[in-house]
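Descriptive analysis of the structure
In case you want the letters, here they are:
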Amino acid sequence: MKIDKRQRDGATILDLQGKITIGEGDVALREAVHEAVGAGAVNILLNMGRVRTIDSSGVGELIAAYTTVTNRGGKLGLFSLPRRVLGVLQITQLVTVLDIMEDEDEAVASVS
Amino acid sequence: MSAPSRQTIRLSVSSRYENIELVLAVVDEALEPLDVDEESAYWMGIALREALTNAIKHGNAQDPEKKVEVALEVGADGIEITVEDEGGGFDPAAVEDPLAPDNLLKTRGRGIFYMRKFMDKIEYDFGAEGGTKVRLHKKFGGPRTGAEGDQGGAE
């Protein structure tokens, strides 16, 4: 999985591209979030628009990222989820826990 | 043109995560001539990912010397996928409900839940001398068992 990091209005945005699945994407996501937090990021937004597939390990990493960021007083948001990726989160009721937003503007406004 | 006849495919892969993609590619090839709708194929792929992950991670503890045996029985009416590891087995009844409030924020424990949701039926067999075998069944052309079918549409 490819991850690019950028800043917008005080939020750190991670643009994810590829699969968040065991052994590759899950590790890349974990490292990117820890690196961002280590660099001082408080509010992190995950751009999910180009995520093709997620499995239970990837879902676990999203939760780990959410816990890491919120335990430090920050916010972790997800936006632009493809229909099937959203479906994987819906079926395990994680849409009631994670902050999921329609698009980047909404996500940035939520942490500004 | 008549529908392709039923076929059996057997694979034996070492316990490495990269082999998950290899098995999925073979399944895609097997499904290609059967006109399986893309939605069903996608959710079946997620379920198979979880079965392979469990075999590699929990069953074989990522020991590359241990094999994961995969058998596909595929025809126009459906597919049965068997994934077998060399591990010590587990008690399916002891697997916690990932939807329980106390479990929602746990980082693991959803794989079997996804398998049950995305396939029509799953069954476990445990060998007397070890090894876990999970069978995943999916009929083609039946009601959808993907995330949309349970949630009334994800979009």
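Going by the structure above, here's the rest.
Residues numbered from 1 in each chain as written. Chains lettered and ligands numbered in written order. Predicted model: local features only at pLDDT ≥ 70, side-chain atom pairs only at ≥ 80, totals over all residues.

**Regarding the overall build of chain B**
What counts here: Each helix is a run of H or I in the DSSP string that is no shorter than four residues. Each strand is a run of E no shorter than two, and both are numbered from the N terminus. Every C-beta atom is placed from the backbone, and the number of other C-beta atoms within 10 Å of a residue's own sets its class: buried at 20 or more, exposed at 12 or fewer, partly exposed in between. We call two residues in contact when their backbone-placed C-beta atoms lie within 7 Å.
Counting its secondary structure elements, chain B contains 4 helices and 5 strands. Shown N-terminal to C-terminal, the secondary structure of chain B runs as helices and strands in the order β-α-α-β-β-α-β-β-α. Residue burial in chain B is summarised as follows: out of 155 residues, 32% are buried. Counting contacts in chain B only where the partners sit at least 6 residues apart, residues at least 24 apart contribute 66% of the total.

**Looking at the environment of A:Val95**
Mapped onto the fold, A:Val95 is located in the loop between helix H3 (83-91) and strand S5 (99-101). In contact with A:Val95, not counting residues within four places along its chain, are A:Leu89, A:Gln90 and A:Ile100.

**Regarding the interface of chain A and chain B**
Taken together, the contact between chain A and chain B spans 22 residues of the former and 25 residues of the latter. For the side of chain A that touches chain B, the secondary structure elements donating two or more residues are helix H2 (56-71) and H3 of chain A.

**Topic: the pairing of strand S1 (residues 7-14) of chain B**
Consecutive residues of a regular strand have side chains that alternate between opposite faces of the sheet. Residues and elements named next belong to chain B. Spelled out, the test is: At least two bridges found by DSSP between two strands are what make those strands a pair.
With 0 of 8 residues buried, S1 lies mostly on the surface of the structure. Bridging between S1 and strand S2 (residues 67-75) involves 8 bridges; their strand directions are antiparallel. The partner of Ser14 across the bridge, within S2, is Lys67.

**Concerning the packing of helix H1 (residues 18-31) of chain B against helix H2 (residues 38-59) of chain B**
Residue and element names in this part refer to chain B. Keep this limit in mind: Axis lines are fitted to C-alpha atoms, over the contacting stretch for helices. Their N-to-C directions set the angle, which ranges from 0 to 180 degrees. Crossings are sorted by hand: turned counterclockwise from the far helix by less than a right angle, the near helix makes the crossing left-handed, and turned clockwise it makes it right-handed. Classification convention: Asp, Glu, Lys, Arg as charged; Ala, Val, Leu, Ile, Met, Phe, Trp, Tyr, Cys, Pro as nonpolar; all other residues, Gly among them, as polar.
Where H1 contacts H2, the axes come no closer than 10 Å and their chain directions differ by 145°. Along this stretch, H1 crosses H2, giving a crossing that reads as right-handed. In this structure, H1 contributes Ile20, Val23, Leu24, Val27 and Leu31 to the contact, and H2 contributes Ala41, Gly45, Leu48, Arg49, Leu52 and Thr53. Residue classes in the contact of H1 with H2 are distributed as 8 nonpolar, 2 polar and 1 charged.

**Considering the nonpolar core**
Within soluble globular proteins, side chains that are nonpolar tend to cluster in buried spots. Filter applied, for reference: For this entry, the nonpolar core is defined as buried Ala, Val, Leu, Ile, Met, Phe, Trp, Tyr and Cys residues connected by C-beta atoms within 7 Å.
Ranked by internal contacts, the top residues of the largest apolar core, which has 34 residues, are A:Ile44, A:Leu45 and A:Met48. Filtering out sequence-adjacent residues up to four positions away, A:Leu45 remains in contact with A:Ala11, A:Ile13, A:Gly77, A:Phe79, A:Ala107, A:Val108 and A:Val111.

**Examining the environment of B:Arg110**
Within the secondary structure, B:Arg110 sits in the loop between strand S3 (78-84) and helix H3 (111-118). When near neighbours in sequence (up to four residues on either side) are disregarded, B:Arg110 contacts A:Ser56, A:Val59, A:Thr92 and B:Pro98.

**Examining the sheet that holds strand S3 (residues 44-54) of chain A**
All names here are of chain A. A sheet is described by the order of its strands in space; here 5 strands give the open sequence S1-S2-S3-S4-S5, paired in mixed fashion. The open sheet is flanked by strand S1 (2-8) and S5, the only strands paired with a single partner. Pairs of neighbouring strands in the sheet enclose a mean axial angle of 25°, with direction left out of account. Relative to S3, strand S2 (residues 11-20) runs parallel, the two sharing 8 bridges. Note on S3: the bridge partner recorded for Thr12 is Ile44.

**Describing the packing of H2(B) against H3(B)**
Residue and element names in this part refer to chain B. Relative orientation of the contacting elements H2 and H3 amounts to 145°, with a least axis distance of 8 Å. Our pair here, H2 against H3, has a crossing hand that is left-handed. Mapping the contact onto sequence places Trp43, Met44, Ile46, Ala47, Glu50, Ala51, Thr53 and Asn54 in H2 and Gly111, Tyr114, Met115 and Phe118 in H3.

**Overview of unusual backbone geometry**
All names here are of chain B. The backbone of Asp35 shows a phi angle near 60°, a positive value even though the residue is not glycine. Positionally, Asp35 belongs in the loop between H1 and H2. Here Asp35 falls in the exposed class, since 11 other C-beta atoms lie within 10 Å of it. In the Ramachandran plot, Gln62 falls in the positive-phi region, its phi being about 55° despite a non-glycine side chain. For Gln62, the position within the fold is in the loop between H2 and S2. Judged by C-beta crowding, with 14 C-beta atoms within 10 Å, Gln62 ranks as partly exposed.

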